[in-house]
Amino acid sequence: MEYEVIDSQIAPEGRMEVLSKAEVSKLLDNSHGGLYQVFRSCALAVLNCGSGLDDGKELLERYKNFDISIVQRERGIKLDIKGAPALAFVNGVMIKGIQEHLFAVLRDILFMNAEMENSAATGIADRNKFNLNSSEGITDAVFHILRNANLLRPQVNPNLVVCWGGHSISGHEYDYTKQVGYQLGLRNLDICTGCGPGAMKGPMKGATIGHAKQRIAHSRYIGLTEPGIIAAEAPNPIVNDLVILPDIEKRLEAFVRIGHAVIVFPGGAGTAEEILYLLGILLHPENEGIPFPLIFTGPDGAADYFHQIDQFIASTLGPQAQQHYQIIVNDPVAVASAVEQGIKQVREFRKQKGDAYYFNWMLKIDEEFQRPFEPSHENMRNLAIHKNQPQHILAANLRRAFSGVVAGNVKNQGIRAIEQYGNFEICGDPAIMESMDALLSSFVAQNRMKLPGKAYTPCYRIIK
């Protein structure tokens, strides 16, 4: 099947309109180097917004002839695009929001990732490089990426709500996420999500109505993604601040550093990964007493889903982990009120401790949560999933297991590894494996692993 494509040239707007000759030269060098394939795949994912595709490998194969290059001009640069998905254009002109997202890709992939790769190679930390061999250096890199994207706003009271949940949810669940977003918007709360469809789009869509009713201008709809996942979860058109972090670990750290509260809607393996990430951080002894509102919520029918999540957490991380969240079913007003009250506590705590409102410096994030995990067959099988270790370290390893399942489900590299070597094998304590198998099986039965209408073939095997 052939898909309609369009060729175009576009120029940047805003900060990237004014570039020095040295910066343009650097971009040209990078665009033809090792980062080019990452840049190309992320740019294609942005241009494919709204296609209903959640398979990175299929996207690249669908538009094999797609190409994007940087053209140097005296006044800066242009992007020369060949074979782009036609759905990114109206009457031959690229949609404004997609154009903005495309230059966000350029900014993050070619500027920031180039600096980080240089840092990783040299181990040097200076004004232009990051030391990725230390926990503090990784956090510093996340901070600089967010600051470079103009996401950090001083002198603004805490009001950013992170919403997590699946890209493959039912229409009933999607409508509920919009209702919650609407209540958040009425309370002048901004939204940050993984920027894709489903539970990542619904809260933003609802909040736009709430903000409009309250005549709130300059509302923020922040989308945080990473190169491996962006093709499966292309930025939805409501996102007005898009940031591409280098990997899933820095993406997750960005969520908890800039967010003031987290709402979790129903989802699949990716949502379980996010929950385990945050709980593992909150379970760290140094984070005891730091307020961080965390609410699980869904419509009628979600009670069983969250009961399964709650039971999995109880059987793996124990009652202490369960104390860090509350479950609210089918009550958007109660959710928004709880978030609003929780954020007030966050504000008072940070004001008292002198911590920034725009970046949670005080939160201790163990290196086990920061070090990039490559979900290879060997690494997946060798995960230390047992209870003879601190709770937060067990949470880190459980997080890695679910991250591997996500990679095998939707990421180009993960899908190809499964095709070549077979399913990932996950092993550990029998009781934990029993709980994980039950949870993943429920995700499969509820069609939470792929978009509706797509058949799901498991990419993993639980060894009990």
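Residues numbered from 1 in each chain as written. Predicted model: local features only at pLDDT ≥ 70, side-chain atom pairs only at ≥ 80, totals over all residues. Heavy atoms only, no water.

## Brief notes about the packing of aromatic side chains
- Here the structure, examined in full by the defined rule, presents 12 aromatic pairs.
- An angle of 80° between the planes, with centres 4.9 Å apart, marks the rings of tyrosine 305 and phenylalanine 306 as edge-to-face. Exposure class is identical for tyrosine 305 and phenylalanine 306. Each is buried.
- For the ring pair phenylalanine 359 and tryptophan 361, a centre distance of 4.5 Å and an interplane angle of 55° mean the geometry is tilted. (Phe/Tyr/Trp six-rings, centres within 6.5 Å; stacked < 30°, edge-to-face > 60°. Buried < 20%, exposed > 50% of the residue type's maximum accessible area, 1.4 Å probe, protein only.)

## Quick look at the nonpolar core
- Membership of the largest hydrophobic core comes to 80 residues, with the highest contact counts inside it found for Leu224 and Met436.
- Those residues in contact with methionine 436 that sit more than four places away from it in its chain are Phe312, Ile385, Leu398, Ala401, Phe402, Ile426 and Ile462.
- Counting residues in hydrophobic clusters, the runner-up holds 61 residues, among them Val46, Ala88, Met94 and Ile343. (Core = buried A, V, L, I, M, F, W, Y, C linked by side-chain atoms within 4.5 Å. Contact = heavy atoms within 4.5 Å.)

## Let's talk about unusual backbone geometry
- The backbone of cysteine 195 shows a phi angle near 80°, a positive value even though the residue is not glycine.
- With respect to the element layout, cysteine 195 can be found in the loop between strand 7 (190–193) and helix 7 (202–213).
- Backbone geometry at arginine 215 places phi at a positive 55°, although glycine is not the residue there. (Helix = DSSP H or I, 4+ residues; strand = E, 2+ residues; numbered from the N terminus.)

## Digging into the sheet that holds strand 11 (residues 294–298)
- Here we have 7 strands laid out as an open sheet, ordered 9-8-7-6-10-11-12, and parallel in their pairing. Two strands close off the open sheet at either side, each with one partner strand: strand 9 (241–244) and strand 12 (326–329). The sheet shows a mean angle of 25° between the axes of neighbouring strands, direction not considered.
- With 3 bridges connecting them, strand 10 (residues 261–264) and strand 11 associate as parallel partners. Bridge pairing in strand 11 links isoleucine 263 to isoleucine 295. (Pairing = 2+ DSSP bridges. Axes fitted to C-alpha atoms, helices over the stretch in contact; angles between N-to-C directions.)

## Section: empty space enclosed by the protein
- A complete count under the given rule lists 3 cavities of 30 Å³ or more for this structure.
- Here the largest cavity is characterised by a volume of approximately 290 Å³.
- Listed by contribution, the elements that provide at least two residues to the lining of the largest cavity are helix 8 (248–258), helix 9 (269–282) and helix 15 (391–410).
- Ranked by residues supplied to the lining of the largest cavity, first place goes to helix 9 with 5 residues. (1 Å grid on protein atoms, 1.4 Å probe; cavity = no way out; pocket = protein on both sides within 12 Å on 5 of 7 lines; lining within 4 Å. Points joined across faces, edges and corners; volume = space filled by probe spheres on them.)

## Here we look at the packing of helix 9 against helix 10 (residues 302–316)
- Running from N to C, helix 9 and helix 10 point in directions that differ by 45°, and their axes come no closer than 12 Å. One finds that helix 9 runs oblique with respect to helix 10. Considering how the two elements wind past one another, helix 9 and helix 10 form a crossing that is right-handed. Between helix 9 and helix 10, the contacting residues are Thr271, Ile275, Leu276 and Leu279 on the first element and Tyr305, Ile309, Phe312 and Ile313 on the second.
- Taken together, the residues that form the contact of helix 9 with helix 10 break down as 7 nonpolar, 1 polar and no charged. (Parallel < 35°, antiparallel > 145°, perpendicular 65-115°, else oblique. Left-handed = near helix turned anticlockwise from the far one by under 90°. Nonpolar A, V, L, I, M, F, W, Y, C, P; charged D, E, K, R; others polar.)

## Quick notes on the pattern of salt bridges
- A full pass over the atoms with the stated rule returns 17 salt bridges.
- Here arginine 399 and glutamate 249 are joined by a salt bridge, their closest N and O atoms 2.9 Å apart. Here the residue arginine 399 occupies a position in helix 15, and glutamate 249 occupies one in helix 8, the gap between them amounting to 150 residues.
- Arginine 399 sits in the buried class, given a relative accessible area of 0%.
- Between glutamate 425 and arginine 461 there is a salt bridge, and its shortest N-O distance comes to 2.4 Å. Within this pair, whereas glutamate 425 is found in strand 13 (residues 424–427), its partner arginine 461 is found in strand 14 (residues 460–463), the two being separated by 36 residues in sequence.
- Linked by salt bridges that have partners in common, Glu249, Glu273 and Arg399 make up one network. (Salt bridge = Lys/Arg side-chain N within 4 Å of Asp/Glu carboxyl O.)

## Overview of helix 2 (residues 36–47)
- Its 12 residues give helix 2 an end-to-end C-alpha distance of 16 Å, which sits within 8% of 16 Å, the value for a rise of 1.5 Å per residue.
- Burial of helix 2 is extensive: 10 of the 12 residues sit out of reach of the surface.
- Restricting attention to buried positions, one finds in helix 2 the residues Tyr36, Phe39, Arg40, Ser41, Cys42, Ala43, Leu44, Ala45, Val46 and Leu47. (Expected span 1.5 Å × (residues − 1).)

## Things to note about the side chain of aspartate 310
- Looking at the element boundaries, aspartate 310 is found in helix 10.
- This buried residue, aspartate 310, is left without a salt bridge; lysine 387 holds the nearest opposite charge, at 14 Å.
- A distance of 2.4 Å separates the side chain of aspartate 310 from the side chain of tyrosine 325, its partner in a polar contact.
- In contact with aspartate 310, other than residues within four places in its own chain, are Gln322, Tyr325 and Ile327. (Lys, Arg positive; Asp, Glu negative; His and termini not counted. Polar contact = N/O pair within 3.5 Å; in protein donor to acceptor, adjacent residues only side chain to side chain.)

## Regarding helix 12 (residues 332–353)
- Taking 1.5 Å per residue as the helical rise, helix 12 with its 22 residues ought to reach 32 Å, and the 31 Å between its terminal C-alpha atoms agrees with that figure.
- Taken residue by residue, helix 12 has Pro332, Val335, Ala336, Val339, Gly342, Ile343, Val346, Phe349 and Arg350 as its buried positions. Down the axis of helix 12, the buried side of the element spans an arc of 145°, and every buried residue falls inside it. Exposed residues pointing more than 90 degrees away from the buried face of helix 12 are listed as Lys351 and Gln352.
- Check the buried side of helix 12 and you find it contacts strand 6 (160–164), helix 6 (171–186), strand 10, strand 11 and strand 12.
- Immediately downstream of helix 12, the backbone of glycine 354 shows phi near 75°, a positive value. (Arc of directions from axis to C-beta.)

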